[in-house]
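Residue-level structure breakdown
As a plain string of letters, each chain reads:
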2 protein chains.
Amino acid sequence: MKESLGRKMQRKVKVAVDAMGGDHSPKEIVKGAIEAVNEREEVEVFLTGKKELIEKEISLYHYPQEALHVVDAREVITNDEAPVLAIRKKKDSSIVTALNLVKKGDADAFVSAGSTGAVLVGAQLIVGRIRGVERPPLAPLMPTMNGVSLLIDCGANVDARSSHLVQFAKMGSIYMENVVGIKNPRVAIVNVGVEEEKGNMLVKETFPLLKNCNEINFIGSIEAREIPNGAADVIVTEAFVGNVILKLYEGVAAVLIKKIKQSMTATAVSTLGAALVKPQLKKALKDFDLSQYGGAPMLGLNGLVVKSHGSSKSVEIKNSIIQCIAFKEQKVSEKIAAGIVLPETI
Amino acid sequence: MKESLGRKMQRKVKVAVDAMGGDHSPKEIVKGAIEAVNEREEVEVFLTGKKELIEKEISLYHYPQEALHVVDAREVITNDEAPVLAIRKKKDSSIVTALNLVKKGDADAFVSAGSTGAVLVGAQLIVGRIRGVERPPLAPLMPTMNGVSLLIDCGANVDARSSHLVQFAKMGSIYMENVVGIKNPRVAIVNVGVEEEKGNMLVKETFPLLKNCNEINFIGSIEAREIPNGAADVIVTEAFVGNVILKLYEGVAAVLIKKIKQSMTATAVSTLGAALVKPQLKKALKDFDLSQYGGAPMLGLNGLVVKSHGSSKSVEIKNSIIQCIAFKEQKVSEKIAAGIVLPETI
């Protein structure tokens, strides 16, 4: 009996969560962690940060005691600190403490809504890359007309080489198939046209490598216009362009929604109409809200690191924690390690 | 009397218009040309293309005869032809014929809704660059929260160098000030963060050059999220990223509008509400429709070339023709020629 309980407990997915990161920390972070452990019994959360602040929040809720732990960390890394320096100096920060749990194998994954730079740098320095992975990409899910697509890379890897992009395509495919559950995901490379001769040097160099890559379902180039239509499941691009896509997605949607709301209250008649369409409209706009899709996984590391949006509330933190379950249970890291073969580069 | 009439006629802005280009040619192109000459007496239009088709359309309208001319051209360049080859082989095409009118000085400007590639290549090969201009950029106006911004470059100049981007910034400033009428336009470079150390190699190289450029009002980096907010008037970037921005703008807006429309007719109550908000909503969405802003000017040439959207209807063609008036009257080409000093490159 004791042994079988022990085995059951060992199978739990252990997630370290940065309680001090994000605009709504620690309140919403703790709330999200509580929601995750209450919803899924396979998960065990380690909240890192200032113990007294975390415990004060925790005391407001009911939850299974054995599934939630507090790991004290006295320092906090802010958004305006230089990432490399902050990670090196603030050994007792919530981020470094959580990453060390992953490094030592005490946690399988790390979720943070804190400084993107510090999380990305810290993940590489402390958790480390899977052997063979040249650069670990950050890969958020983006809402499309009919579902979600994975945009890979939006991280800090600017000026990427073609061999990096091929690895992104493989890692993205493995993630979409195993975590999101899309069979044989369609992989496309962001380009300025669909013809094979189109593109900048990087795309022209990468295209034939992807075409000859048997492990993925490469469907060719995708123009930015087709991304929101969901024309591919894995959208491969280097980080500068990926960052522009991610942020413009948010920006265009935000401004358009603002304009629509303004227009609807412009006259008495339209204001009445607005009240009638509101419930349906709210639902449609929520579907298109990037923050709904939990955090962006950073792939290719010896453990999962999930970067949640800085503005994350409890629901996004909960979703970020829950995505770690499939990642662990589907052995995504192991599949990435097996799938990464150093590609032929020029 | 005769002499003063002659002088008045000489002051007219002569615009060659490709009657065969675009999804709705020649019908909407001819209609737009008619609307332009009926609205503005300073403009004179030369429609190039198959004479009998154009004349059939023209016969439907009233217009000042001396302001509209037909120049017969028997060939048509399609979107799927390789641009360089098409321009070289189809000497009797509507595009090449119109470009030759500009080259010979018989026209000041050229407007086309046809093949973007052929227009860009033809403009450089036939009309030619202003002395000192390294690469002529294509610079569309994009709708923002409160007006428009100029996105420069969205053309065929992928893999640009920093010296090109500095010229884009100067040309874009001159255009916004003189054609759109924005005093001392704010110039920003597209980047992945606002801190000066952020960016890829090209941005890091270009940033100090722009900062040291006295002729422009450089305000630093702009993140893609802030573009729709109108945070800068001239948005400088290389063509690959510019193309992604332009097309994603269209794509996100189109999908979001589709989702909103679907949501509004999901229930009987929301359908009623939709009818009440429709007039105001339509106006707001029209403000955010890229095609409303006429065509994108290609700058730095010995004459103005305006690329109108392939789906252009008469209103966009009219707007494209009308923007040529300010361009000519404000002597934008001359100002660009005076403003381009070869920048220091590494």
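Anything mentioned here points back to the structure above.
None of the values given here were measured: they were computed from a predicted structure.

1. Structural notes on the pattern of salt bridges
Residues and elements named next belong to chain A. A full pass over the atoms with the stated rule returns 24 salt bridges over all chains. Among the ionic pairs, K31 bridges to E35, the shortest N-O distance being 3.8 Å. Separated by 4 residues within a single helix, K31 and E35 lie in helix α2 (residues 27-39), roughly one turn from each other. A salt bridge links E81 to K90; the shortest N-O distance between them is 3.0 Å. With relative accessibility at 22%, the residue E81 sits in the partly exposed group. Connected through shared salt-bridge partners, E52, D72 and R74 make up one network.

2. Brief notes about a positive patch on the surface
Residues and elements named next belong to chain A. Taken together, the side chains of K261, K278, K282 and K286 present a region of like positive charge at the surface. Mapped onto the secondary structure, K261 falls in helix α9 (residues 239-264). Residue K261 is classed as exposed on the basis of its relative accessible area of 52%.

3. Concerning the interface of chain B and chain A
Contact with chain B, which involves 53 residues of that partner, is made by 53 residues of chain A. Both faces considered, chain B and chain A share a buried interface measuring about 5000 Å² in area, 77% of it formed by carbon and sulfur atoms. It is M145(B), F240(B) and K259(B) in chain B that bury the most area against chain A; as a group they hold 14% of the surface buried on that side. Note that E250(B) and R225(A) form a salt bridge whose closest N and O atoms lie 2.8 Å from each other. For the interface between chain B and chain A, the tally reads 10 residue pairs in polar contact (both at pLDDT 80 or more). Elements supplying a minimum of two residues to the side of chain B that touches chain A: α8 (201-211), α9 (239-264) and α10 (268-287) of chain B. Ranked by the residues each element gives to the side of chain B that touches chain A, the list is headed by α9(B), at 21 residues. Across the side of chain B that touches chain A, the residue classes tally to 32 nonpolar, 13 polar and 8 charged.

4. Some points on helix α11 (residues 314-329) of chain B
At 3.6 residues per turn, the α-helix brings residues three or four places apart onto the same side. Residues and elements named next belong to chain B. Its 16 residues place the ends of α11 23 Å apart at the C-alpha level, agreeing with the 22 Å of an ideal helix rising 1.5 Å per residue. Residues of α11 that are buried include every one of S314, E316, I317, K318, S320, I321, I322, Q323, C324, I325 and F327, and no others. Positioned one or two residues after α11, K331 has a phi angle of 50°, which is positive.

5. Some words on the relation of the copies chain B and chain A
Once chain B is rotated about the relating axis by 180° and shifted along it by 0.0 Å, it coincides with chain A to within an RMSD of 0.0 Å. Viewed as a symmetry operation, the transformation between the two copies matches a two-fold axis. In terms of C-alpha distance to the rotation axis, chain B has G273(B) as its closest residue, with the C-alpha 1.9 Å off the axis. When the interface residues of chain B are mapped onto chain A, 100% of them again lie at the interface, so the same face is used by both copies.

Analysis parameters
- Residues numbered from 1 in each chain as written.
- Chains lettered and ligands numbered in written order.
- Predicted model: local features only at pLDDT ≥ 70, side-chain atom pairs only at ≥ 80, totals over all residues.
- Heavy atoms only, no water.
- Salt bridge = Lys/Arg side-chain N within 4 Å of Asp/Glu carboxyl O.
- Helix = DSSP H or I, 4+ residues; strand = E, 2+ residues; numbered from the N terminus.
- Buried < 20%, exposed > 50% of the residue type's maximum accessible area, 1.4 Å probe, protein only.
- Patch = residues over 30% accessible without salt bridge, like charges linked within 9 Å, V, L, I, M, F, W, Y side chains within 5 Å.
- Areas by Shrake-Rupley, 256 points an atom, 1.4 Å probe, with all protein chains shown as cover.
- Lys, Arg positive; Asp, Glu negative; His and termini not counted.
- Charge placed at Lys NZ, Arg CZ, Asp CG, Glu CD.
- Contact = heavy atoms within 4.5 Å.
- Buried area = accessible area lost by both parts, 1.4 Å probe.
- Polar contact = N/O pair within 3.5 Å; in protein donor to acceptor, adjacent residues only side chain to side chain.
- Nonpolar A, V, L, I, M, F, W, Y, C, P; charged D, E, K, R; others polar.
- Expected span 1.5 Å × (residues − 1).
- Least-squares fit on C-alpha atoms with pLDDT ≥ 70 in both.

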